[in-house]
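Coordinate inspection notes
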Amino acid sequence: MRAPALVDVAHRALAALAAIVVLALIGFAAVRSVEPPAAAPSSAPPSQFSAGRAFEQVQAIATVPHPVGSAAQNSVREHLVTALRQLGLTPEVQDTVSPEGGELSSSAGGIGLAHVRNIVTVIPGTASTGRLFLVAHYDSVQTGPGGNDDAAGVATVLETARALVNGPRLRNDVVLVLTDAEEACLCGAAAFVHQSPLAKDGGIVLNLEARGSSGPAIMFETSDHNQKLVDAYAHTPKPVGTSFAVEIYRLLPNDTDFTPFRLAGFQGLNSAYIDGAAVYHAPTDRPSAMNRDSLQHHGDNALALTRELGNDNLTRLGSSEDATYFPAPGLLVRYPGSLVWPFAAAALVAVLALAWLARRRGLITTKRGLGAFAVTLIPIVAAPVLAQVYWLVLKLIRPAYGELPIDPYHPVPYRLGVLALTALVVFAWFAMFRRRLGAAALAIGGLGWLAVLGLVLAGATPGGSYLAALPALAGAILGIVAILLRGWWSVAAVVLGGAVAVIILLPTAVMLFPALGMPLAGAGAFLAVLLGLALLPVIDLLHPEGGGQRGPAALSARRRGTLPAVAAALALVVFSVVGLSVDRFDRTHPALTQLMYALDADNNTAQWVSDEASVQKWTSQYVSGRQHEVRDSLPFFGPEKVRTGKAQPAGIPAPRLTLERDVPADGARRLVLRLTPQRPVRLVTLHVGAETRVLAAEVQGQPIIPANQKNQRWGWGFVFHGPPADGIEITVTVRTPGPVTFRAMDGSDGFTGVPGFQERPANVGIVGSHTSELLAVAKTYKF
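Quick look at the structure, then. (Residues numbered from 1 in each chain as written. Predicted model: local features only at pLDDT ≥ 70, side-chain atom pairs only at ≥ 80, totals over all residues. Heavy atoms only, no water.)

Attention now moves to the overall build of the chain. Each helix and strand in the chain was counted, giving 21 helices and 24 strands. For the chain, the C-alpha radius of gyration of 29 Å lies close to 28 Å, the compact-globule estimate for 783 residues. Projected onto its principal axes, the C-alpha positions of the chain cover 95 × 65 × 55 Å. Expressed as a percentage of the 783 residues in the chain, the buried residues total 59%. (Helix = DSSP H or I, 4+ residues; strand = E, 2+ residues; numbered from the N terminus. Rg over C-alpha atoms; globule rule 2.2 N^0.38 Å. Buried < 20%, exposed > 50% of the residue type's maximum accessible area, 1.4 Å probe, protein only.)

Here you go:
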């Protein structure tokens with residue numbers, strides 16, 4: 001019995017070859033559309049952005065780790081102020097204390113604060129209609145020099161400023177804001193937004209970040225009602241971004257300096273390159289790790305967008321809706337968000353019309369159509385699940401993968417492995433059900449699920465609905481054309497429908513893999529399945545025509561139909577072997593570990609602490625056992641679960657907490673305290689016993705809204721980053737009949753001189769986290 005298909009052509013092998021060649025070329029162009037441009041040399045014209053010139057600033061900034069409050073941070077700040085003055089600008093340092101600035105930036109152990117020193121300067125406009133803010137943070141984590149995060153953003157701001165001051169003046173004021181303490185608590189951005197006179201009238205912010213070492217500079221976050229800003233971004237030399245990324249980012253537990261601006265009502269765009277994330281926050285985030293093409297892309301778009309917005313009337317950039325947008329070769333496709341539901345509905349109507357026509361032409365029956373729709377759920381579910389299993393298997397082979405922040409050092413073979421695995425699932429599923437239900441029924445079933453998903457996404461994540469709705473709409477319309485025309489015209493129609501799907505889905509998959517990493521490989525597999533479903537009419541051309549054969553001929557035809565699945569399985573094996581061969585841990589690409597040392601000065605006991613999900617071989621000499629909470633002794637950790645191990649106590653002084661004044665106030669006590677570290681530290685923390693209710697609090701003059709915690713040993717508390725050597729002043733108003741208990745802690749970085757610690761071997765590195773290499777000393781006080 002023949003298995004009817006949407007394409008009816010005599011020379012199927014030739015048609016398949018032509019379709020594969022055309023779609024491969026289109027796919028190549030689609031992937032190229034999201035690759036960064038080549039880096040411009042230092043000799044590039046002064047009016048252009050030069051990655052060569054910008055990289056010189058990266059090298060000057062990212063020599064050593066420079067977290068907030070460190071001596072190295074002071075040196076970086078002096079260099080940046082000098083560099084801005086050499087451009088003829090007049091930078092000022094905003095020196096203040098600020099609470100945290102994000103929705104998610106708070107430490108598990110309490111609210112975050114920091115003593116910040118932002119660098120701010122203005123390039124005046126000729127007749128300003130508003131302010132445009134170029135923002136990047138110049139601090140790094142304590143574990144790495146920040147060659148990419150965020151020396152790349154700072155260097156982009158400096159090189160953009162150089163190009164601006166050497167060119168025609170813009171209409172609008174451009175404010176350069178190099179923030180402090182982004183890594184710790186977003187406190188620098190919060191300080192600027194809430195305390196600087198330049199921020200009082202709002203404006204448009206362009207935040208520049210990096211969460212890796214390579215890849216395109218993706219515009220991944222926007223303010224609300226972004227349509228006109230997206231239109232402006234579309235005029236940059238190489239716009240790379242998708243409204244789906246905005247939707248995904250809102251679901252992730254991440255904040256950047258863009259967050260305080262967005263929460264304060266600023267309009268703006270947030271951009272970063274994110275591939276090569278194995279160096280993220282690690283000691284390996286050095287300038288030498290940077291792909292300068294990524295830096296060039298950052299700069300090209302930042303400079304062009306600054307000029308575009310700098311000469312626009314900023315009062316007219318308001319919009320009532322968000323845009324849906326995605327990259328395509330040579331442009332950024334965009335349309336108003338008000339069209340999301342019409343497109344999604346049109347896709348469903350078009351698929352139903354295709355099904356009706358196919359039934360009228362005898363290509364499907366109602367029973368086969370419904371059966372095909374039902375079984376199409378198999379690859380939609382199976383491919384993402386198997387992709388997650390694939391990553392679990394890789395972690396079993398390489399346990400150290402479990403501590404990498406996002407991705408392995410060389411993730412491309414594994415990403416290709418996920419695509420091969422997805423192809424294997426789709427090919428095997430199609431070969432299994434093609435003979436029973438027919439190629440046409442399966443193709444229409446695939447488009448049906450795309451249409452349904454388009455509707456679901458329109459309601460859940462409107463900016464991502466296009467991923468399913470537009471391929472379904474194009475595939476259904478061109479499927480109707482294929483049925484009506486037949487022959488080679490039908491081949492052209494389904495190839496054109498497949499091309500639409502490739503242009504829409506392939507670049508998004510390329511961006512999504514590094515965004516979510518191999519730990520969420522199922523997300524990439526899901527997009528690949530959608531592409532596979534849209535390409536089912538083309539995939540059918542790879543199979544012999546299913547009609548009339550019996551006996552050996554039928555068996556031979558079925559065997560040839562399994563060849564695509566066999567090829568995909570072979571590709572999966574090859575990519576996996578290549579990945580395991582090239583992605584090995586060594587001195588340049590170390591396995592990452594996390595360790596902390598904590599000394600309890602109350603009883604002179606110490607412990608090693610690690611938050612590794614699975615204890616790495618090197619770390620196992622210090623910690624063991626099950627994960628458990630340590631907030632009774634280390635309230636800084638909050639409810640986080642860690643592993644611990646006994647350590648030798650070191651002779652390290654505890655932070656000193658002194659009561660300077662105790663003033664009765666309306667039945668309560670107003671305690672003025674000073675917390676003073678007795679050694680150079682990166683942070684200090686203070687927590688109040690849970691039995692005491694805190695009515696009001698100030699830290700270094702900053703009012704803090706108390707959030708009293710219950711059913712714990714410790715209640716209200718804070719973390720102060722970059723404390724001055726003479727300590728910080730804390731005022732708390734409490735209501736309690738008895739003494740008030742406090743737990744003070746300070747933390748420095750590194751284990752030099754700690755008894756029992758042995759330096760890591762060359763192929764073992766440090767995970768970039770706020771507690772990696774933290775040497776903490778805690779002591780309890782009662783007043």
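The subject of this paragraph is the nonpolar core. Core analysis: the biggest nonpolar cluster contains 81 residues, and W429, L442, Y466, L505 and L536 have the highest contact counts within it. Contacts of W429, omitting those with residues within four sequence positions, involve V375, T376, I378, P379, L442, L533 and L536. (Core = buried A, V, L, I, M, F, W, Y, C linked by side-chain atoms within 4.5 Å. Contact = heavy atoms within 4.5 Å.)

According to the stated counting rule, one finds 20 salt bridges in the structure shown. R162 is the partner of E159 in a salt bridge, and the nearest nitrogen-oxygen pair spans 2.9 Å. Of the two residues, E159 and R162 both sit in helix α4 (residues 151-165), three residues apart, roughly one turn of that helix. An identical accessibility class is assigned to E159 and R162; each is buried. For the salt bridge of R631 with E629, the shortest nitrogen-to-oxygen distance reads 2.9 Å. The network of salt bridges with shared partners includes R12, R434 and D540. (Salt bridge = Lys/Arg side-chain N within 4 Å of Asp/Glu carboxyl O.)

This part is about the sheet that holds strand β16 (residues 668-676). Across the sheet, which stays open at both edges, the five strands sit in the order β15-β16-β21-β18-β19 with antiparallel pairing between neighbours. Sheet topology places β15 (656-665) and β19 (702-704) at the edges, where each strand pairs with a single neighbour. Here the average twist between neighbouring strands, direction ignored, is 20 degrees. Both β16 and strand β21 (residues 728-735) contribute to a ladder of seven bridges, which runs antiparallel. When the bridges of β21 are listed, R669 appears paired with V734. (Pairing = 2+ DSSP bridges. Axes fitted to C-alpha atoms, helices over the stretch in contact; angles between N-to-C directions.)

Further remarks concern unusual backbone geometry. With the exception of glycine, the majority of residues adopt a negative phi angle, and the majority of peptide bonds are in the trans configuration. Following D149, the chain continues to D150 via a peptide bond in cis, the omega torsion being 5 degrees. With a phi close to 55 degrees, H225 is a non-glycine residue in the positive phi region. Of note, H225 is situated in the loop between β6 (214-222) and α7 (227-233). Notably, Q700 is not glycine yet its phi reads approximately 50 degrees, a positive angle. Mapped onto the fold, Q700 is located in the loop between β18 (693-699) and β19.

Counting buried residues along helix α6 (residues 187-195), seven of its nine residues qualify, which places the element largely inside the surrounding structure. Taken residue by residue, α6 has C187, G188, A189, A190, A191, F192 and V193 as its buried positions.

What follows covers the side chain of D285. Looking at the secondary structure, you find D285 in the loop between β7 (267-275) and α10 (292-310). Buried within the structure, D285 lacks any salt-bridge partner; R286 is the closest side chain of opposite charge, at an N-O distance of 8.5 Å. Separated by 2.8 Å, the side chains of D285 and N148 make a polar contact. With sequence-adjacent residues up to four places away left out, D285 is seen in contact with P145, G146, G147, N148, D149 and V279. (Lys, Arg positive; Asp, Glu negative; His and termini not counted. Polar contact = N/O pair within 3.5 Å; in protein donor to acceptor, adjacent residues only side chain to side chain.)

What follows is about the environment of S614. Here S614 lies in the loop between β12 (605-610) and β13 (624-629). Of the residues examined, S614 reaches a relative accessible area of 47% and is grouped as partly exposed. Distance in space between the C-alpha atoms of S614 and L695 is 41 Å, their sequence separation being 81 residues. Apart from residues lying up to four places away in sequence, S614 is in contact with E403 and R643.

Once that is clear, we can look at the state of the cysteines. Applying the stated criterion to the full structure yields one disulfide. Bridging C185 to C187, the disulfide has an S-S length of 2.0 Å. Its S-S torsion of approximately -130 degrees makes the covalent link between C185 and C187 left-handed. The pair C185 / C187 is uniform in exposure class, with both members buried. (Disulfide = S-S within 2.5 Å.)

Assignment of secondary structure puts A114 in strand β2 (residues 111-123). For A114, a relative accessible area of 0% puts it in the buried group. Residues A114 and T96, 18 residues apart in the sequence, show an inter-C-alpha distance of 8.5 Å. Apart from the residues lying within four places of it in its own chain, the contact partners of A114 are T96, V97, S98, A181, C185, C187, F720 and H721.

Under the criterion given, the structure shown has 26 aromatic pairs. Judged by centre distance (4.7 Å) and plane angle (5 degrees), the rings of F373 and W449 are stacked. Here W449 lies in helix α15 (residues 439-460) and F373 lies in helix α12 (residues 366-375), a separation of 76 residues in the sequence. With centroids separated by 6.2 Å and ring planes inclined at 80 degrees, the aromatic side chains of W618 and F757 adopt a geometry described as edge-to-face. Taken together, the residues span a long stretch of sequence, with W618 in the loop between β12 and β13 and F757 in the loop between β22 (741-749) and β23 (764-766) at a distance of 139 residues. For the cation-ring pair, R292 lies above F55, with the distance from its terminal atom to the ring centre recorded as 3.8 Å. (Phe/Tyr/Trp six-rings, centres within 6.5 Å; stacked < 30°, edge-to-face > 60°. Lys NZ or Arg CZ within 6 Å of the ring centre and 35° of its normal.)

We now examine the packing of helix α13 (residues 377-397) against helix α18 (residues 521-534). For the pair α13 and α18, interaxial distance at closest approach is 8 Å and the crossing angle is 145 degrees. By crossing handedness, the relation of α13 to α18 is classed as right-handed. For the pair α13 and α18, the contacting residues are P379, I380, A383, P384, A387 and Q388 in the first and A521, G522, A525, F526, V529 and L533 in the second. Residues belonging to the contact of α13 with α18 are distributed by class as follows: ten nonpolar, two polar and no charged. (Left-handed = near helix turned anticlockwise from the far one by under 90°. Nonpolar A, V, L, I, M, F, W, Y, C, P; charged D, E, K, R; others polar.)

A grouping of L377, V381, V385, L386, V389, V393 and I397 is seen on the molecular surface, where their side chains present a nonpolar patch of about 530 Å² in accessible area. Relative to the helices and strands, L386 is located in helix α13. (Patch = residues over 30% accessible without salt bridge, like charges linked within 9 Å, V, L, I, M, F, W, Y side chains within 5 Å. Areas by Shrake-Rupley, 256 points an atom, 1.4 Å probe, with all protein chains shown as cover.)

Counting buried positions along β16 gives seven out of nine residues, so the element sits mostly inside the fold. Where β15 and β16 come together, nine bridges link them in antiparallel fashion. What sits directly across from D662, in β16, is L671.

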